[in-house]
Amino acid sequence: MSINGNFSIPKTVVLVGLMGAGKTCIGKKLAQAMNLPFVDADAEIEKAAGCSIAEIFEEHGETYFRDRERMVIQRLLEDPVQILSTGGGAFMDEGTRTTILEKGISLWLRADLDILVERTSRRTHRPLLRNGNHREILSGLIDERYPIYAKADITTESAEGSADITTEHALQGIRDFCGNPTS
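So, here's what we can say about the structure. Keep in mind that what you see is a predicted model, and the values were worked out from it rather than measured.

Focus on the overall build of the protein
Next, step 1: A count of helices and strands for the protein gives eight helices and five strands.
Next, step 2: What you see in the protein, going N to C, is helices and strands ordered as β-α-β-α-α-α-β-α-β-α-α-β-α.
Next, step 3: Within the span of the protein, comprising 183 residues, buried residues form 47% of the whole.
Next, step 4: A fraction of 75% describes how many contacts in the protein between residues 6 or more apart in sequence connect residues 24 or more apart.
Next, step 5: Accessible area of the protein: about 8,900 Å², with a carbon and sulfur share of 47%.

Okay, structure coming up:
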């Protein structure tokens, strides 16, 4: 399956979803297919703070982090059209969500619990998974966050297998949302 992103979009595409859904991987592939820059909001937050997200959480708490995250995402949505990956909790913040829905095109990468558990078990840098059973924590986050993520403009299943397939489905969702015909 060839990924073809030769169409224009009016606003930045903002990827939302739980950790492990593939926001960074799919975001980079979308950016490449659409010939747009890719920006990771978490990396921009770390650059602005001069420390890691884990350190921000540890030293200042989640509320402080969400305030910084909101400011960075607002700034990034003022930039030219790009593909923007956000952290799992960004869309949960009402102010951040409102900004994303007004100034961007939100795309929820939805993944089932087994996929999220498998993907997040490979890495240890996730602050919310540091203390407890990954499956239980992720299950609770699904219950809490999926109803909010469902407010996104576009929903794409982040399935097992080739990231190219998920990317093609995301591109089709963007095409449909923007009124572009299939290429």
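There's more to say after this.
What to know about the sheet that holds strand S1 (residues 12–16)
Next, step 1: In spatial order, the strands read S2-S3-S1-S4-S5; together these five strands make up an open sheet with parallel pairing. Every interior strand has two partners, whereas the edge strands, strand S2 (38–40) and strand S5 (154–157), have only one. In this sheet, neighbouring strand axes are inclined to one another by 25° on average, regardless of whether the strands run parallel or antiparallel.
Next, step 2: Note that S1 and strand S3 (residues 83–85) share three bridges and pair parallel. Within the sheet, the bridge partner assigned to Val13 lies in S3 and is Ile83.

Concerning the pairing of S5
Next, step 1: Residues Ile154 and Thr156 line the buried face of S5, whereas the alternating positions Thr155 and Glu157 sit on a face that is not buried.
Next, step 2: Bridge count for strand S4 (residues 104–110) against S5 is four bridges, and the pairing is parallel. Paired with Arg110 across the strands is Glu157, a residue of S5.

Quick notes on unusual backbone geometry
Next, step 1: A positive phi angle, close to 55°, is found at Asn35, a residue other than glycine.
Next, step 2: For Asn35, the position within the fold is in the loop between helix H1 (23–34) and S2.

Overview of the pairing of S1
Next, step 1: Of all the five residues making up S1, five are buried; the element is thus mostly covered by neighbouring parts of the structure.
Next, step 2: In this structure, S1 lies alongside S4, joined through five bridges in parallel fashion. Counted as the bridge partner of Leu15 is Leu107 from S4.

What about the nonpolar core?
Next, step 1: Ranked by internal contacts, the top residues of the largest apolar core, which has 50 residues, are Leu30, Leu84, Leu107, Leu116 and Ile174.
Next, step 2: Among the elements that take part in this core, helix H7 (residues 134–149) stands out by supplying six residues, more than any other.
Next, step 3: Discounting chain neighbours no more than four positions away, the residues touching Ile174 are Phe7, Ile9, Val13, Leu30, Met34, Leu107 and Ile154.

Considerations on the packing of helix H3 (residues 53–60) against helix H4 (residues 62–76)
Next, step 1: Following both chains from N to C, one finds H3 and H4 inclined at 130°, their axes separated by 7 Å at the closest point. For the element pair H3 / H4, the angle class is oblique. Across from Ile53, Ile56, Phe57 and His60 in H3, the residues of H4 making contact are Glu62, Tyr64, Phe65 and Arg66.
Next, step 2: Of the residues that constitute the contact of H3 with H4, the class distribution is five nonpolar, one polar and two charged.

A look at H1
Next, step 1: In a regular helix each residue adds 1.5 Å, so twelve residues correspond to 16 Å; H1 covers 16 Å between its end C-alpha atoms and thus fits that length.
Next, step 2: Residues of H1 that are buried: Lys23, Ile26, Gly27, Leu30, Ala31, Ala33 and Met34. On an axial view of H1, the arc spanned by its buried residues comes to 165°, and they lie on one face.
Next, step 3: Positive phi appears at Asn35, one or two residues downstream of H1, with a value of about 55°.

Points about the packing of helix H2 (residues 41–49) against H4
Next, step 1: Relative orientation of the contacting elements H2 and H4 amounts to 110°, with a least axis distance of 10 Å. Regarding the angle of H2 to H4, the classification is roughly perpendicular. With respect to the hand of their crossing, H2 and H4 are arranged in right-handed fashion. On H4, the residues touching Ala41, Asp42, Glu44 and Ile45 of H2 are Phe65, Glu69, Val72, Ile73, Arg75 and Leu76.
Next, step 2: Split into classes, the residues belonging to the contact of H2 with H4 amount to six nonpolar, no polar and four charged.

Procedures and definitions
Residues numbered from 1 in each chain as written. Predicted model: local features only at pLDDT ≥ 70, side-chain atom pairs only at ≥ 80, totals over all residues. Heavy atoms only, no water. Helix = DSSP H or I, 4+ residues; strand = E, 2+ residues; numbered from the N terminus. Buried < 20%, exposed > 50% of the residue type's maximum accessible area, 1.4 Å probe, protein only. Contact = heavy atoms within 4.5 Å. Areas by Shrake-Rupley, 256 points an atom, 1.4 Å probe, with all protein chains shown as cover. Pairing = 2+ DSSP bridges. Axes fitted to C-alpha atoms, helices over the stretch in contact; angles between N-to-C directions. Core = buried A, V, L, I, M, F, W, Y, C linked by side-chain atoms within 4.5 Å. Parallel < 35°, antiparallel > 145°, perpendicular 65-115°, else oblique. Nonpolar A, V, L, I, M, F, W, Y, C, P; charged D, E, K, R; others polar. Expected span 1.5 Å × (residues − 1). Arc of directions from axis to C-beta. Left-handed = near helix turned anticlockwise from the far one by under 90°.

All quantities given are derived from atomic positions and should not be read as evidence of function.
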